Amino acid sequence: MTTTAPRQESRATTPPLPPARGPLSAAVIASLRDSTAPLPDAGAVTAADPYGDDAQLALYLLYELHYQGFAGVAEDREWDVDLLRLRGRLEERFLARLRADAPRRPSAADAIDALLIEPVADEDAGVSHWLQSAGGLRELREYAALRSLYHLKEADPHAWVLPRLYGRAKAAMVAVEFDEFGAGHAEDVHARLFADLMADLGLDTAYGRWLDAAPAEALATVNVMSLFGLHRSLRGALVGHFAAVEITSSPGSRRLARAMRRTGAGPAAERFYDEHVEADAVHEQVVRHEVIAPLLAAEPRLEADVVFGVEATGLLEDRLGAALLDAWRAGRSALRTPLPESGGRAR
């Protein structure tokens, strides 16, 4: 009987600090390299666009201290009071802008029902529709590079809500997270599956590798999870974010799986999205009926926050989708720096 040796699992990599995109991110990078370097004051934060490259990169850098950190940065900088003070100022601006811009549906049920309405299936309906019918390997590779900032830490930000829930809501949230983390099997952790997808597309799978290529719109979709996850006061918003991701994932993943098959991206690329079609269809029901319903029964005052989490997620995803489609339809790269030629399965 022939046995196959298990693949060696590599340790999560600690990425290097990226180039700055303005005075805020430059000051954060300088401080991470040298704790005596001065940090921006409140006026500098107020002057920056909260959706812009500089503010979003600064936030991403500060949040990443709670994940894998950065090469050459002391691990205890995670709780540096000056960095936390700056992060708080950046968060206030980001949060205020999201609250001003996100729609305000009257109830969580209304917000979730809106997620269940699929747009007309044409190339103008969104990124997954466009990739399914018109996108090529170049666009799929760019999409995967951008999404790696989220998918290589998939489920990690949502795990912060677990100690802030209890009873049915906690049990159901743990059940969904258990699936995201591979149900106890390292080879099935969704972050691992996405790394395999990237390998099929000829992309470097190192954690944080594509940070410098990602525009502000992509950073914001990742930062909002950390914003909600790191604040107990925003636990309802994090649950709303999780609901939005899970409910919209299954149909979008079906379209992306078709795009991978149509372009011959490779079996691992197909598997990642196939896995999400089935799993997230189940998760949708669990999150709605076993997480949100008992949470709001116990804490009805959190309903507005759940709605905000759903709507803020949609707002940021729409901004990213518009930026990607504008670039691709014009024949341009959607990345800040172009990808190298594919070195993997997909050519």
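Enquirer: What's the story with the overall build of the protein chain in this structure? I'm lost.
Expert: Summing up its helical and strand segments, the protein chain has 14 helices and zero strands in all. Secondary structure elements of the protein chain occur, N-terminal to C-terminal, as α-α-α-α-α-α-α-α-α-α-α-α-α-α. Taking 347 residues into account, the globule formula puts the C-alpha radius of gyration at 20 Å, and the protein chain, at 20 Å, falls close to it. Principal-axis analysis of the C-alpha atoms places the extent of the protein chain at approximately 60 × 50 × 50 Å. Scored against the burial criterion, the 347 residues of the protein chain give a buried share of 54%. When contacts within the protein chain are restricted to residue pairs at least 6 apart in sequence, long-range pairs at least 24 apart make up 80% of them. Here the protein chain displays about 15200 Å² of accessible surface, and carbon together with sulfur accounts for 53% of that area. In the protein chain, the 38 positive side-chain charges and the 51 negative ones have mean positions that sit 2 Å from each other.

Enquirer: Looking at this model, I keep getting lost on the pattern of salt bridges. Mind explaining?
Expert: It is possible for side chains bearing opposite charge to pair when their charged atoms get close. A full pass over the atoms with the stated rule returns 19 salt bridges. Ionic pairing is found between Arg21 and Asp53, a salt bridge with its closest N-O pair at 2.7 Å. A residue pair is termed long-range when its members are at least 10 positions apart, and Arg21 in the segment before helix 1 (23-33) and Asp53 in helix 3 (residues 53-64) qualify at 32 residues. One salt bridge in this structure joins Asp274 and Arg261, with 2.4 Å as the shortest N-O distance. Separated by 13 residues along the polypeptide, Asp274 in helix 13 (residues 267-298) and Arg261 in helix 12 (residues 235-263) bring together distant segments of the chain. When its relative accessible area of 30% is taken as the criterion, Asp274 is described as partly exposed. A cluster of three or more residues bridged by salt bridges with shared partners is formed by Asp49, Arg97 and Asp101.

Enquirer: Got a minute to help me understand unusual backbone geometry in this structure?
Expert: The general pattern is negative phi for most residues beyond glycine and trans for most peptide bonds. Here the phi dihedral of Ala155 falls at roughly 80°; this positive angle occurs in a residue that is not glycine. Looking at the element boundaries, Ala155 is found in the loop between helix 7 (137-151) and helix 8 (156-159). In this structure, Ala183 takes a positive phi of about 50° despite not being glycine. Within the fold, Ala183 resides in the loop between helix 9 (167-180) and helix 10 (190-200).

Enquirer: It is not clear to me how the packing of helix 4 (residues 81-101) against helix 14 (residues 303-329) should be interpreted in this structure. Could you clarify?
Expert: The interhelical angle for the contact between helix 4 and helix 14, taken along N-to-C directions, is 90°, at an axis separation of 9 Å. On the basis of the axis angle, helix 4 is roughly perpendicular to helix 14. Residue-level contacts link Phe94, Leu95, Leu98, Arg99 and Asp101 of helix 4 to Asp305, Phe308, Leu315 and Leu316 of helix 14. Residue classes in the contact of helix 4 with helix 14 are distributed as six nonpolar, no polar and three charged.

Enquirer: What's the story with the environment of Ser107 in this structure? I'm lost.
Expert: Considering the arrangement of structural elements, one finds Ser107 in the loop between helix 4 and helix 5 (108-115). Its relative accessible area of 17% is what places Ser107 among the buried residues. With near-sequence residues (within four places) excluded, Ser107 lies in contact with Glu303 and Val307.

Enquirer: Would you take a moment to explain the nonpolar core for this structure?
Expert: Grouped burial of nonpolar side chains is what soluble globular proteins tend to show. One finds Leu197 and Phe228 to be the most contacted residues of the largest nonpolar core, which totals 108 residues. Beyond its immediate stretch of four places on either side in the chain, Phe228 contacts Leu95, Leu234, Ala237, Leu238, His241, Phe308, Gly309 and Ala312.

Enquirer: Could you clarify how one ought to interpret the packing of aromatic side chains in this entry?
Expert: By the definition in use, this model includes six aromatic pairs. Their ring planes at 65° and their centres at 5.7 Å tell us that Phe228 and Phe308 sit as a pair that is edge-to-face. With Phe228 in helix 11 (residues 216-229) and Phe308 in helix 14, the pair connects residues that are 80 residues apart, well separated along the chain. Considered together, Phe228 and Phe308 belong to a single accessibility category, that of buried residues. Following the ring pairs from residue to residue traces out a cluster consisting of Phe194, Phe272 and Tyr273. The cationic tip of Arg209 hangs over the ring face of Trp210; the distance from NZ or CZ to the ring centre is 3.9 Å. The ring of Tyr51 carries Arg319 above its face, with NZ or CZ at 4.3 Å from the centroid.

Enquirer: Would you explain helix 14 in this entry?
Expert: In an α-helix, one turn spans 3.6 residues, which is why side chains three or four residues apart end up on the same side. Over its 27 residues, helix 14 runs 39 Å from end to end, which matches the ideal 39 Å to within 8%, given 1.5 Å per residue. One or two steps after helix 14, the chain reaches Gly331, where phi turns positive at roughly 80°.

What counts, and at which threshold
Residues numbered from 1 in each chain as written. Predicted model: local features only at pLDDT ≥ 70, side-chain atom pairs only at ≥ 80, totals over all residues. Heavy atoms only, no water. Helix = DSSP H or I, 4+ residues; strand = E, 2+ residues; numbered from the N terminus. Rg over C-alpha atoms; globule rule 2.2 N^0.38 Å. Buried < 20%, exposed > 50% of the residue type's maximum accessible area, 1.4 Å probe, protein only. Contact = heavy atoms within 4.5 Å. Areas by Shrake-Rupley, 256 points an atom, 1.4 Å probe, with all protein chains shown as cover. Lys, Arg positive; Asp, Glu negative; His and termini not counted. Charge placed at Lys NZ, Arg CZ, Asp CG, Glu CD. Salt bridge = Lys/Arg side-chain N within 4 Å of Asp/Glu carboxyl O. Axes fitted to C-alpha atoms, helices over the stretch in contact; angles between N-to-C directions. Parallel < 35°, antiparallel > 145°, perpendicular 65-115°, else oblique. Nonpolar A, V, L, I, M, F, W, Y, C, P; charged D, E, K, R; others polar. Core = buried A, V, L, I, M, F, W, Y, C linked by side-chain atoms within 4.5 Å. Phe/Tyr/Trp six-rings, centres within 6.5 Å; stacked < 30°, edge-to-face > 60°. Lys NZ or Arg CZ within 6 Å of the ring centre and 35° of its normal. Expected span 1.5 Å × (residues − 1).

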